[in-house]
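The chain contents come next:
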Amino acid sequence: GVARQNMRNYKDAIADYEMGLKQLPEHKFFLINKAVCEVAVKQYESASRTYDKLLRLYPKFENAYLGRAELYLAQKDTVKALENINRSIELNKNEPSAFVMRSEIKMRSLNDVKGALADMDEAIKLEPHYSGYFINRAFMKYKLDDYFGSMADYDYALSLDPTNVTAYYNRALLKMEVNDNNKAIDDFSYVLKSEPSHVMARYNRASLYYKTGQYKKAIVDYDELLKTYPNFQMALYSRSECKRLSGDVKGAEKDYNRSRELYKKNKS
């Protein structure tokens, strides 16, 4: 069952867990694994019954409350999800995933950024070497206008995981916002080295090349964007400006006219 579950073959995993439960009907891990798989295949009523049985048998099994919270989140019931997460934390204050789950609900559903940050702080205390937590916290600090704290978290995330593309991209956006343009270009360049098809990283780097007077480099990036998105109106307009400023008057005029045609078409 576990092997099949790890391969995301959830239906066959459920069948195995059910066979196990015929022999050991109160087995804690057969029950919770079966419930997790039932949620994965959207068998929500069955999963609810499985969690109810599990928690009748093991009312202090904190992971069961987290699992049932996932079920309620899948059903878009954040109130019941929070109740279950809170109960899990009451039973065990040393499980970082519980604080992370509650933090995500506060951030996405309740718009409680300060509360989300407090929970992420707790998760980091319990698991201080996981870069993803610092990336999440950096975004929360950014939302609270703590740019210095946000930058520090991105820096630390990258010290833990020097190849984390998400951290480089988010840090580049932050550097771009505070006009640390050359360092933002460096971060966008790392992203594009790892993921050459990252559209927003290329567009933002092109914009920064344009802003810093590196027109030929900007043109190269706009060329790449326009190969894939030939009707990208803003890229055409920006490339026309770069060509004009680098002395290519005919090329600039051609891009400008095409950009203007697309603008009129999109506006009508």
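Basis of the calculations
- Numbering of residues begins from 1 in every chain and follows the order in which that chain's sequence is written.
- Owing to the predicted nature of the model, reporting of local features is limited to residues with pLDDT of at least 70; listing and counting of side-chain atom pairs is limited to 80 or more, with chain, interface and lining totals taken over all residues.
- The side-chain figures draw on all heavy atoms in the structure; neither hydrogens nor water molecules are used.
- Elements are defined by DSSP. Helices are runs of H or I of four residues or more, strands are runs of E of two residues or more, and each kind is numbered from the N terminus.
- Using C-alpha atoms as the atom set, the radius of gyration is obtained and then compared with a globule rule of 2.2 Å times the number of residues to the power 0.38.
- The cut-offs for exposure are 20% and 50% of the maximum accessible area for each residue type, with area from a 1.4 Å probe on protein chains only; residues under the lower value are buried, those over the upper are exposed, and the others partly exposed.
- Residue contacts follow a heavy-atom distance rule, with two residues in contact if any of their heavy atoms lie within 4.5 Å.
- The Shrake-Rupley method, run with a 1.4 Å probe, gives the accessible areas here. Residue values count only the displayed protein chains as cover.
- His is not counted here, nor are the chain ends, while Lys and Arg score as positive and Asp and Glu score as negative.
- A charge is said to be at NZ when it belongs to Lys, at CZ for Arg, at CG for Asp and at CD for Glu.
- In summary, the pairing rule links any two rings of Phe, Tyr or Trp, Trp by its six-membered ring, whose centres are within 6.5 Å, and it sorts them by plane angle into stacked for under 30 degrees, edge-to-face for over 60 and tilted for everything else.
- Definition used: whenever NZ (Lys) or CZ (Arg) falls within 6 Å of the ring centre and also within 35 degrees of the ring normal, the charge is taken to sit over that ring.
- Side-chain atoms within 4.5 Å are what join buried Ala, Val, Leu, Ile, Met, Phe, Trp, Tyr and Cys residues into a set we call a nonpolar core.
- Within this analysis, patches are made of residues with over 30% relative accessible area and no salt bridge. Like charges are joined at 9 Å or less; nonpolar side chains (Val, Leu, Ile, Met, Phe, Trp, Tyr) at 5 Å or less.
- For salt bridges, the criterion is a side-chain nitrogen of Lys or Arg within 4 Å of an Asp or Glu carboxyl oxygen.

A. Main features of the overall build of the protein chain. Along the protein chain, the regular secondary structure elements total 16 helices and zero strands. Computed over C-alpha atoms, the radius of gyration of the protein chain comes to 25 Å, more than 25% over the 18 Å expected from 2.2 N^0.38 for 268 residues, which places it beyond the range of a compact globule. In terms of its C-alpha atoms, the protein chain occupies a principal-axis envelope of roughly 80 × 40 × 35 Å. A burial count over the protein chain gives 43% of its 268 residues as buried. Within the protein chain, contacts between residues at least 6 apart in sequence are counted, and of these 40% link residues at least 24 apart. Total accessible area on the protein chain is roughly 15,300 Å²; 50% of this is exposed by carbon and sulfur atoms. The average position of the 44 basic charges and that of the 37 acidic charges among the side chains of the protein chain differ by 4 Å.

B. Spatial organisation of the packing of aromatic side chains. Taken as a whole, this structure holds 11 aromatic pairs when the rule is applied. Taking the centre distance of 3.9 Å and the plane angle of 25° together, the rings of tyrosine 168 and tyrosine 190 count as stacked. With tyrosine 168 in helix α11 (residues 165-177) and tyrosine 190 in helix α12 (residues 181-194), this residue pair connects regions lying 22 residues apart in the sequence. Geometrically, the ring pair formed by tyrosine 210 and tyrosine 215 is tilted, given 6.2 Å between the ring centres and 55° between the ring planes. Look at tyrosine 215 and you get partly exposed, because its relative accessible area is 23%. The structure contains a cluster of three or more aromatic residues connected by ring pairs, namely Tyr203, Tyr222 and Phe232. Of note, lysine 28 hangs over the ring of tyrosine 58, and the distance from its end group to the ring centre comes to 5.2 Å. The ring of phenylalanine 61 carries the charged tip of lysine 28 above its face, separated from the ring centre by 4.6 Å.

C. Region of the structure containing the nonpolar core. In terms of nonpolar packing, the biggest core is built from 53 residues, with Ile85, Met120, Met140, Phe188 and Tyr222 touching the most fellow members. Counting 13 residues, the second largest nonpolar core, distinct from the first, contains Leu31, Ala47, Ala64 and Leu71.

D. Quick peek at the environment of tyrosine 10. In this fold, tyrosine 10 is placed in helix α2 (residues 10-23). Classification of tyrosine 10 by relative accessible area gives partly exposed; the value is 24%. In this structure, the C-alpha to C-alpha distance between tyrosine 10 and cysteine 37, residues 27 residues apart in sequence, is 5.3 Å. Leave out the neighbours within four places in its chain, and tyrosine 10 touches Gln5, Cys37, Ala40 and Val41.

E. How the structure looks around a nonpolar patch on the surface. There is a patch of nonpolar side chains on the surface, built from Met234, Tyr237 and Tyr256 and spanning about 280 Å² of accessible area. With respect to the secondary-structure elements, methionine 234 resides in helix α15 (residues 233-245).

F. Highlighting the pattern of salt bridges. Under the defined criterion, the tally for this structure stands at 21 salt bridges. The closest approach of N and O atoms between arginine 205 and aspartate 221, which form a salt bridge, is 2.8 Å. A residue pair is termed long-range when its members are at least 10 positions apart, and arginine 205 in helix α13 (residues 199-211) and aspartate 221 in helix α14 (residues 215-228) qualify at 16 residues. According to the relative accessible area criterion, arginine 205 is buried, its value standing at 14%.

G. Inspection of unusual backbone geometry at higher detail. One non-glycine residue, asparagine 111, lies in the positive phi region at around 55°. Structurally, asparagine 111 is set in the loop between α7 (96-108) and α8 (113-126). Despite not being glycine, aspartate 145 has its phi angle at roughly 65°, a positive value. Structurally, the position occupied by aspartate 145 is in the loop between α9 (131-143) and α10 (147-160).

H. Spatial organisation of the environment of isoleucine 85. Position of isoleucine 85 among the secondary structure elements: in helix α6 (residues 78-91). Its relative accessible area of 0% is what places isoleucine 85 among the buried residues. In this structure the C-alpha to C-alpha distance between isoleucine 85 and arginine 68, which are 17 residues apart in sequence, comes to 8.7 Å. In contact with isoleucine 85, not counting residues within four places along its chain, are Leu66, Ala69, Ala98, Met101, Arg102 and Ile105.

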